[in-house]
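# Examining the three-dimensional arrangement
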Amino acid sequence: MAVKDLNKIFPKEDSLLTKPRPYVNHSVEFKHPYSVKKRMEVLEKSGMNVFNFPAEMITGVDFLSDSGTTTMTNKQWASLHLGDESYGSNKGYFQLKKQVQKIFGKEFFNDPNKQKPNAFIFHQGRSCENALFSIIGRLGTGLIIPSNGHFDTTEANIMANKIQALNLFSKQLKDPLSNYHFKGDMDVDKLKDLLKKSHKKIPMGFLTITNNTGGGQPVSMNNVQQVSALMHKYDLPLFFDACRFSENAWFIKKYDKNYRNKSIKEIVKKMFTYVDGFTISFKKDGLVNMGGGLFIKEDGYFQKKYPQIADQIINLQILTEGHPTYGGMSGRDIMALVEGLKTVVELQYLDYRINQVKTFCKSLVDKGIPVLTPPGGHAVYLDMNKFFEDTDKKPGDFGGIAFTALLLGLYGHRACELGNFAFGTYNSKTKKETFPEVNFVRFAIPRLRYEQQDLEAAAESIKVLYDYRKQIPSVKAIYGKELSLRHFKAKFKFK
Ligand SMILES: Cc1ncc(COP(=O)(O)O)c(C=O)c1O
């Protein structure tokens, strides 16, 4: 019998229930087995703020962020050695230009010798936001920037420049029974009303793909088209906060029948035809540990409306980051980024990445734990209002903070409260707390870093705390509750 005929007898490889990872470990790091006693001691000394807990002591999964926590591929590590640290026009700059043009479109990276510069490298996402909004803030007073969900640093940078950061979350995001796959969409009806009433106050709009603040949920191609058309009707530019652009494209391929047969690269290109620019932290879908960029479309609505802004950005870039051909990045990091951008749009990579998040979410759902479903591409969000629903916990008891502290101290996994404490505020005058619409603990999954066994161990620990939820003590902030971005700085104690 011919070898190829055997294929017809046995089940196909694709039909097997469990598939191997699409990569092997290139290098590993052993963890020191710190005891629970030691972790609890250090946690108390860190003021129970998980950001202050030494990462070295995390014996489980570090879910604090998927940002800059990527394990790089061996090609990326090799490319570091090819880094060119010349002060001007290093080798990596030209390779990055080619790669950005290839992925997002030629119009996002001009040749500075022939056209006006429109591509600006920064060391991370928030420095792009700072540059952009500090310039936009000079355009007038009472400005509003609408979004499907501004990320916390984006919102902080907008507000620091006296602009209102307005979130127009989709209706489906707030509906726990909805199975809609694109809960990260912007509420188009609300945008219509806003534009009708206040378009003169709106310098630009934003779509965060995927919507990190809105449960990490993806944005549909339809929504991108509709929001773009609405903004353009008023001659207003639309930007992406494009940190997770390829994960967003994967969801469009998977759940929008019009794009099922398109490649990720084709979908990404299409998405970016609707926007006039984007900011990006390459620490996510650049697959690197540091890097960011701000790109303005040649002849787009932004460039036409604000022709002077590119020059102002270069000035800021030179003042705060470096020469425009390296921005805030070292030559070697640019080389690793070029390589990361090649991997991140590969279907094989994305299938594994997003299915890992999905499997973790399913394991929690199967254990009866209340999470936001369906999950997005980079994180699983635990709904803390539901988690404590049948207990006597009140919003001001900050159950999410207590939960993350216990998960870290007792079981060695670090997650992040993004709810009543992180997004709530305390008014020192009235002595009142206000609470946000959503109350989550986020489990962000670093790229290419953990194996299924690690995530299952975390799911089991979460289940134990869920079973013991009535015994989880309340927490009070002993420092910093009145501060802005207080979750990074506050200290806590169990009541
Ligand atoms: C959607 C989004 N925008 C912006 C940022 C800011 O990027 P960076 O951490 O590189 O400053 C982040 C970081 O997590 C993010 O998730």
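Residues numbered from 1 in each chain as written. Predicted model: local features only at pLDDT ≥ 70, side-chain atom pairs only at ≥ 80, totals over all residues.

## So, helix α6 (residues 152-160)
Of the positions making up α6, those classed as buried are T154, E155, N157 and I158. Viewed end-on, α6 has its buried residues packed into an arc of 165°, placing them on one side of the element. On its buried side, α6 packs onto α5 (125-136), β2 (144-147), β3 (164-167) and β5 (238-241). One or two positions beyond α6, positive phi appears at K162, with a value near 60°. (Buried ≥ 20, exposed ≤ 12 C-beta atoms within 10 Å, placed from the backbone. Helix = DSSP H or I, 4+ residues; strand = E, 2+ residues; numbered from the N terminus. Arc of directions from axis to C-beta. Contact = placed C-beta atoms within 7 Å.)

## Looking at the packing of helix α9 (residues 245-255) against helix α10 (residues 264-273)
Orientation of α9 relative to α10, taken along the N-to-C sense of each, is 110°, at an axis distance of 9 Å. Regarding the angle of α9 to α10, the classification is roughly perpendicular. Residues F245, S246, A249, W250, I252 and K253 of α9 pack against I264, I267, V268 and M271 of α10. Residues of the contact of α9 with α10, tallied by class, amount to eight nonpolar, one polar and one charged. (Axes fitted to C-alpha atoms, helices over the stretch in contact; angles between N-to-C directions. Parallel < 35°, antiparallel > 145°, perpendicular 65-115°, else oblique. Nonpolar A, V, L, I, M, F, W, Y, C, P; charged D, E, K, R; others polar.)

## Remarks on the domain arrangement of the protein chain
For the protein chain, the domain assignment lists domain 1 (18-66 + 347-494) and domain 2 (75-344). Each partner contributes residues to the interface: domain 1 has 14 residues there, and domain 2 has 20 residues. Every element with two or more residues in the side of domain 1 that touches domain 2 is listed here: α14 (347-366) and β8 (379-383). With four residues, α14 is the largest single contributor of residues to the side of domain 1 that touches domain 2. (Domains from an automatic or database assignment.)

## So, unusual backbone geometry
Following I209, the chain continues into T210 via a peptide bond in cis, with omega recorded as -20°. For T210, the location among the structural elements is in the loop between β4 (205-208) and α8 (221-233). Of note, the amide linkage connecting T373 to P374 takes the cis form, showing an omega dihedral of -15°. Note on placement: P374 falls in the loop between α14 and β8. One non-glycine residue, L485, lies in positive phi territory at about 45°. With respect to the helices and strands, the residue L485 is situated in the loop between β13 (475-479) and β14 (491-494). Look at L485 and you get partly exposed, because 13 C-beta atoms sit within 10 Å.

## Section: the nonpolar core
Ranked by size, the top nonpolar core spans 132 residues in total, and within it L207, V268, F295 and V380 carry the most contacts. For this core, the domains that each give at least three residues are domain 1 (18-66 + 347-494) and domain 2 (75-344). (Core = buried A, V, L, I, M, F, W, Y, C linked by C-beta atoms within 7 Å.)

## Some thoughts on helix α12 (residues 309-320)
Here α12 is twelve residues long and its end C-alpha atoms lie 16 Å apart, about the 16 Å a rise of 1.5 Å per residue gives. Within α12, the full set of buried residues consists of A310, I313 and Q317. Summarising the axial view, the buried residues of α12 lie within an arc of 60°, below the 170-degree limit, and thus occupy one face. The outward face of α12, more than 90 degrees from its buried face, is lined by the exposed residues D311, N315, I318 and L319. Buried residues along α12 sit against β1 (119-122), α5 and β7 (292-296). (Expected span 1.5 Å × (residues − 1).)

## Here's the deal with the sheet that holds strand β9 (residues 416-418)
The strand order across the open sheet formed by three strands is β8-β12-β9, and the pairing between neighbours is antiparallel. Looking at which strands have only one partner, the edges of the open sheet turn out to be β8 and β9. On average, each strand axis in the sheet is inclined to that of its neighbour by 35°, with strand direction left out of account. Pairing analysis gives three bridges linking β9 to strand β12 (residues 440-444), with the strands arranged antiparallel. By the bridge assignment for β12, L418 is matched with F440. In this fold helix α16 (residues 399-411) packs onto β9 and β12, with an angle of close to 170° to the strand it touches most, β9. (Pairing = 2+ DSSP bridges.)

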